[in-house]
Amino acid sequence: PTPQDVVERMLELAQVKKGDVVYDLGSGDGRIVITAAKKYGVKAIGFEIDPERIKESRENIKKEGVENLVEIRDQDIRTVDLSPATVLTMYLLPEVNLMVRPNIWKQMKPGSRVVSHDFDMADWKPAKEVQIKDKSGWDHTLYLWTVDKNVGRP
């Protein structure tokens, strides 16, 4: 899972604000969507297919008292309609990033922000690339893209 201090930095990088809707692809234990709801008061939805992670994340949501803002959907990330999201976070392998990239380009509105932990999106150049060290001393790279109306078009 993404270390908590890296989660905080991802959401800061995306400049999450009131009114945003945060989607997390491959949401694991739910820490990103829970943090988004607790820290920024935004609606956040995680997408996960591992039954153990789904159960764990739903328990975490209850424990943190954010059921009114956070939900976890048992759904393959390739089938998610990204259009309601204004912020998309992910910690996926490079080939998976590239698999969802066309959906990001087609479905997300201009001005939406995409943050990836450790993996870029090939020739889609990020607006920002940030190197950080977590509390354990591990290095992480965060990538931020802003969707614009020309993205994905020649």
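Residues numbered from 1 in each chain as written. Predicted model: local features only at pLDDT ≥ 70, side-chain atom pairs only at ≥ 80, totals over all residues. Heavy atoms only, no water.

Another aspect to go through is the overall build of the protein. Looking only at helices and strands, the protein has four helices and seven strands in total. When the helices and strands of the protein are listed from N to C terminus, the series reads α-β-α-β-α-β-β-α-β-β-β. Rg of the C-alpha trace for the protein: 14 Å, near the compact-globule value of 15 Å for 154 residues, within the 12% margin. The principal-axis extents of the C-alpha atoms in the protein amount to approximately 45 × 35 × 30 Å. Counting over 154 residues, the protein shows a buried share of 48%. When contacts within the protein are restricted to residue pairs at least 6 apart in sequence, long-range pairs at least 24 apart make up 66% of them. When the accessible surface of the protein is summed, it comes to about 7900 Å², and 53% of that surface belongs to carbon and sulfur atoms. (Helix = DSSP H or I, 4+ residues; strand = E, 2+ residues; numbered from the N terminus. Rg over C-alpha atoms; globule rule 2.2 N^0.38 Å. Buried < 20%, exposed > 50% of the residue type's maximum accessible area, 1.4 Å probe, protein only. Contact = heavy atoms within 4.5 Å. Areas by Shrake-Rupley, 256 points an atom, 1.4 Å probe, with all protein chains shown as cover.)

Ranked by size, the top nonpolar core spans 27 residues in total, and within it Leu11, Val16, Val22 and Val70 carry the most contacts. Excluding anything up to four places from it in sequence, Leu11 contacts Val16, Ile32, Thr35, Ala36, Tyr40 and Thr89. Counting 23 residues, the second-largest nonpolar core is a separate cluster that includes Phe47, Leu82, Met90 and Trp105. (Core = buried A, V, L, I, M, F, W, Y, C linked by side-chain atoms within 4.5 Å.)

This part covers the packing of helix α1 (residues 4-13) against helix α2 (residues 31-40). Between α1 and α2, the least distance of the axes is 10 Å, while the angle of their chain directions is 60°. As far as their axial angle goes, α2 and α1 are oblique. The interaxial crossing formed by α1 with α2 has right-handed handedness. Facing Gln4, Val7, Glu8, Met10, Leu11 and Glu12 of α1, the residues of α2 in contact are Arg31, Ile32, Thr35, Ala36, Lys39 and Tyr40. When grouped by side-chain class, the residues that make up the contact of α1 with α2 number six nonpolar, two polar and four charged. (Axes fitted to C-alpha atoms, helices over the stretch in contact; angles between N-to-C directions. Parallel < 35°, antiparallel > 145°, perpendicular 65-115°, else oblique. Left-handed = near helix turned anticlockwise from the far one by under 90°. Nonpolar A, V, L, I, M, F, W, Y, C, P; charged D, E, K, R; others polar.)

Turning our attention to the side chain of Ser116. Looking at the secondary structure, you find Ser116 in strand β5 (residues 113-117). Not counting residues within four places of it along the chain, the set of residues in contact with Ser116 comprises Met10, Met90, Asn97, Thr141, Leu142, Tyr143 and Trp145.

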